[in-house]
Amino acid sequence: TAWIKAGDHPTLMILHPLLARMHYGYIPRGPQELKEQELTEFLSHCEESADRYRLIFLRVDPEKPLNYPSATKTTPSSSIQPETTLVLDLSLSEKELLAQMKRKGRYNISLAEKKGVTVKMARTAEERKNFSKIFTELLEKTTERDGFSAHDQKYYETMMECLPMAEIFIAFLDQEPLSGAICTFQNERAIYYYGASGNLHRELMAPYLVQWTAICEAKQQGCKIYDF
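Attention in this report is confined to the structure presented alongside it. As the structure is a computational prediction, the values presented were derived from the model and not from experiment. Starting from 1, residues in each chain are numbered consecutively following that chain's sequence as written. Where local features are concerned, this predicted model is filtered to residues with pLDDT of at least 70; where side-chain atom pairs are given and counted, the filter is 80 or more; whole-chain, interface and lining totals use all residues. Calculation of side-chain values draws on the structure's entire complement of heavy atoms; hydrogens and water are dropped beforehand.

### A look at the overall build of the protein chain
And step 1. Helix and strand content of the protein chain: six helices and 10 strands.
And step 2. Referenced to the eigenvectors of the C-alpha coordinate spread, the extents of the protein chain come out at roughly 60 × 40 × 30 Å.
And step 3. Here the term buried applies to any residue with accessible area under 20% of the maximum for its type, exposed to any over 50%, and partly exposed to those in between, with areas from a 1.4 Å probe on protein chains only. Within the protein chain, the proportion of its 228 residues that are buried is 36%.
And step 4. Computed over 28 positive and 31 negative side-chain charges, the inter-centroid distance for the protein chain is 4 Å. In this description a helix means any DSSP run of H or I spanning at least four residues, a strand means any run of E spanning at least two, and both kinds are numbered starting from the N terminus. Positive residues here are Lys and Arg, negative ones are Asp and Glu, while His and the chain termini are left out of the count. One atom stands in for each charge, and that atom is NZ of Lys, CZ of Arg, CG of Asp or CD of Glu.

Listed below in structure tokens is the structure:
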């Protein structure tokens, strides 16, 4: 990976190796909105990076479209990142957030709590690794049930090791894991990335309590929005 200056904040560039020590670059979810002069400077830094890292091309996948100067050579392509999302305003109180939910959502959160479901967030490096293993086991059941593919355990372990802003939540009934979620909390923005649930005790609605716990933790950590 490398960092490219973009206005007041650098943006992450992922380098994908190719043959003959060449690369192609990818900038996910960046850069943020830039003024005209900042965008010109960003493009200049991109050109410098192209020389430094021997880039065949650089793919930029911003959250909002950038107004490139007319002389800039760009090729439109489909996004890798989700093109639409649901965003929750965390400036509201927990009571107000619950009031916005459908009645069934509030009921399911309450049901899980009353039936003894508890949600834990990994606090130590050992817990993060252990919860990654539990999450992968739950995810295997999810993919079998719902018919989609997922990453292997090492992927989630690496994510938890390398991203200090990543948090992992697991819901338990006594010692039995029922559901889990992986989120990131950074720059006043929480993002829900991955979710999983097992096949046992699905009537207890553990995923609802996991999601609500993550939302409350995001508020506690000072995030302004929760991005689903």
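### Some thoughts on the nonpolar core
And step 1. Among the buried residues, those of types Ala, Val, Leu, Ile, Met, Phe, Trp, Tyr and Cys that are joined through side-chain atoms within 4.5 Å form a nonpolar core. In this structure, L90, V117 and Y226 are the most contacted members of the largest nonpolar core, which totals 27 residues.
And step 2. The set of elements that each furnish at least two residues to this core consists of α3 (103-114), β6 (117-121), β7 (166-173), β8 (176-186) and α6 (206-220).
And step 3. Counting residues per element, this core draws most heavily on α6, which supplies eight residues.
And step 4. Each residue touching V117, except ones within four places of it in the same chain, is listed here: A112, A171, F172, L173, L178, L204, A206 and L209.
And step 5. I134, F135, F172 and A196 belong to the second largest nonpolar core, which has 15 residues in total. Whether two residues touch is decided by their heavy atoms; if any such pair falls within 4.5 Å, the residues are in contact.

### Here's the deal with the sheet that holds β7
The strands that make up a sheet pair up through hydrogen bonds in the backbone, lying either parallel or antiparallel.
And step 1. If DSSP finds at least two bridges between two strands, the strands pair. Read across the open sheet, the six strands follow the order β5-β10-β9-β8-β7-β6; overall the sheet is mixed. Edge positions in the open sheet fall to β5 (87-89) and β6, since each of these has one partner strand only. Each strand axis lies, on average, 25 degrees off the axis of its neighbour in the sheet, ignoring direction.
And step 2. Here eight bridges tie β7 to β8, and the two strands are oriented antiparallel to one another. Pairing of L173 across the sheet is with E176, part of β8. Only the contacting stretch of a helix is used when fitting its axis, a line to C-alpha atoms as for every element, and angles between N-to-C directions run 0 to 180 degrees.

### A few points about the sheet that holds strand β2 (residues 9-17)
And step 1. Read across the open sheet, the four strands follow the order β1-β2-β3-β4; overall the sheet is mixed. Sheet topology places β1 (2-6) and β4 (55-61) at the edges, where each strand pairs with a single neighbour. The average undirected angle you get between the axes of adjacent strands in this sheet is 30 degrees.
And step 2. Both β2 and strand β3 (residues 23-28) contribute to a ladder of four bridges, which runs antiparallel. Bridging from a neighbouring strand, I14 pairs with Y26 of β3.
And step 3. Against the sheet, helix α1 (residues 36-53) contacts β1, β2, β3 and β4, and its axis sits at roughly 155 degrees relative to β1.

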